[in-house]
Amino acid sequence: MAEEDSGQEKTEEPTSRRLEKAREEGQVPRSKELNTTAVLALGAAGLYALGPFMSERIVDVGKYGFEFDRETAFDPRLMAIHLLTSVQEAGIGLAPWLALMLVAALIGPIGVGGWLFSTKAIEPKLSRMDPLAGLKRMFSANSVVELVKSWAKVLVVGFSSWLVLVYFFPGALSLLRMPVEGAMRGAVDILIMAFLLICLSTALIAMVDVPWQIHSHMKKLRMSMQDIKDEYKETEGKPEVKGRIRQLQREAAQRRMMADVPTADVVITNPTHFSVALKYQSESMRAPVVVAKGADEVAFRIREMAKEHNVPRMQAPPLARALYTHAKVGDEIPEGLYVAVAQVLAYIYQMDMFAKGKGPRPARKPDMPIPRDLRVDPEPDKPV
């Protein structure tokens, strides 16, 4: 990276592109403690909700396991069938809780980093076999945190387990003198409370571990200023990429522009080098709007499109040059050209009425005055 070449420190927050690339490589923040807490929490909730059902099934299995006649006891085949039935009944009783634990194991990683499947994370890398890099990881800040976290887990979970034993020890001893059914229900109650206490202890560790994992992940992905510059050059900064983007944008704009030509009221031409298509609706427009314009090849395509869709065309070189130079596609024409364009539209309307036999033929083409500040002289190599 740039840091190795220039010695720059990675002090900048990672860009969105850097985060996206890291995610593609399988690098996302993960918290094992959050996963453990999620499994234990859902497990405890499942025991609390399904405890009565599970305890009844286990009691029934226990009764069934010890209730058999003399013939079954001395027949290996019947005993095997008896055992298989007991296992099936126990499986039915535990199946809902085991399914809940499976769901917990699957959704636990989504809490931090989201769901991710990437084969790059398991690809073999020679850098992982570097002994120097291994020693560096062993004595890194992350390793120290993991060591402290491991000791904290042992102490917190051990202390919680000791509390459970102290609190429930008399009750657990009393289970030995109870009937099987009552002892099973009591054991389930103790198990649920133990789960709840352990969940609380692991939740405390997860509350510390999750922010640390996110901070560690973001710190690992930090970039230097040179990294940011290189990334910009690799994406939007490359001239060929920017040129290609501009080309695609021009092509898309031209396609949209050509699609609007059939809706125009008139196409004013140079007659060969410039074409400008105008549209005017008195009910909704304050002034005529340029729906398409172009020079040379694009001008030819506009004329052909207008001819194909019977859009009136009119040769007016000074007006065509003025409109092409001073008006943008989608904008209203300049105020100085209102009179000239109004004369053109009126002439087109009169010609249309004459063609339909509803009016006289216009005597002559309009004058189409162009203000001095909007006039555009023809280029020397292009005829008027």
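Residues numbered from 1 in each chain as written. Predicted model: local features only at pLDDT ≥ 70, side-chain atom pairs only at ≥ 80, totals over all residues. Heavy atoms only, no water.

1. What about the overall build of the chain?
Counting secondary structure elements, the chain contains 13 helices and four strands. Within the span of the chain, comprising 384 residues, buried residues form 28% of the whole. When the accessible area of the chain is evaluated, it comes to approximately 25,000 Å², of which 63% is carbon and sulfur surface. (Helix = DSSP H or I, 4+ residues; strand = E, 2+ residues; numbered from the N terminus. Buried < 20%, exposed > 50% of the residue type's maximum accessible area, 1.4 Å probe, protein only. Areas by Shrake-Rupley, 256 points an atom, 1.4 Å probe, with all protein chains shown as cover.)

2. Quick word on the pattern of salt bridges
Close approach of charged atoms allows side chains with opposite charge to pair. Using the criterion set out here, one finds two salt bridges in the structure. Among the salt bridges present, the one from Glu332 reaches Arg286, with a minimum N-O distance of 2.7 Å. Of this pair, Glu332 sits in the loop between α12 (317–326) and α13 (338–355) while Arg286 sits in the loop between β2 (274–279) and β3 (289–295), and the two are 46 residues apart along the sequence. A residue is classified by how much of its surface remains accessible, and Glu332, at 31% relative accessible area, is partly exposed. Classification of Arg286 as exposed rests on a relative accessible area of 61%. Linking Asp352 and Lys356 is a salt bridge whose minimum nitrogen-to-oxygen distance equals 3.3 Å. Look at Asp352 and you get partly exposed, because its relative accessible area is 34%. Since its relative accessible area comes to 51%, Lys356 is described here as exposed. (Salt bridge = Lys/Arg side-chain N within 4 Å of Asp/Glu carboxyl O.)

3. Thoughts on the sheet that holds β3
In a beta sheet, neighbouring strands are held together by backbone hydrogen bonds and run either parallel or antiparallel to one another. If you trace the four strands from one edge of the open sheet to the other, you get β3-β2-β1-β4, paired in mixed fashion. Sheet topology places β3 and β4 (313–315) at the edges, where each strand pairs with a single neighbour. With strand direction ignored, the average angle separating the axes of adjacent strands in the sheet is 20°. One ladder, built from four bridges, connects strand β1 (residues 266–269) with β2; its direction is antiparallel. By the bridge assignment, Ile268 is partnered in β2 with Val276. Running over the sheet, α12 touches β1, β2, β3 and β4 and is turned about 75° from β2. Set on the sheet, α13 makes contact with β1, β2 and β4; between it and β1 the angle comes to about 120°. (Pairing = 2+ DSSP bridges. Axes fitted to C-alpha atoms, helices over the stretch in contact; angles between N-to-C directions. Contact = heavy atoms within 4.5 Å.)

4. As for unusual backbone geometry
Even without being a glycine, Asp296 presents a positive backbone phi close to 55°. In this structure Asp296 comes out as partly exposed when scored by relative accessible area, which is 38%. You will see that Asn310, though not glycine, has its phi angle at about 60°, which is positive.

5. Structural notes on the pairing of β1
Residues Val266 and Ile268 point to one face of β1 and Val267 and Thr269 to the other, with burial holding for every one of them. The pairing of β1 with β4 spans three bridges and is classified as parallel. When the bridges of β4 are listed, Val267 appears paired with Arg313.

Limitation: the analysis is restricted to geometry and does not speak to function.
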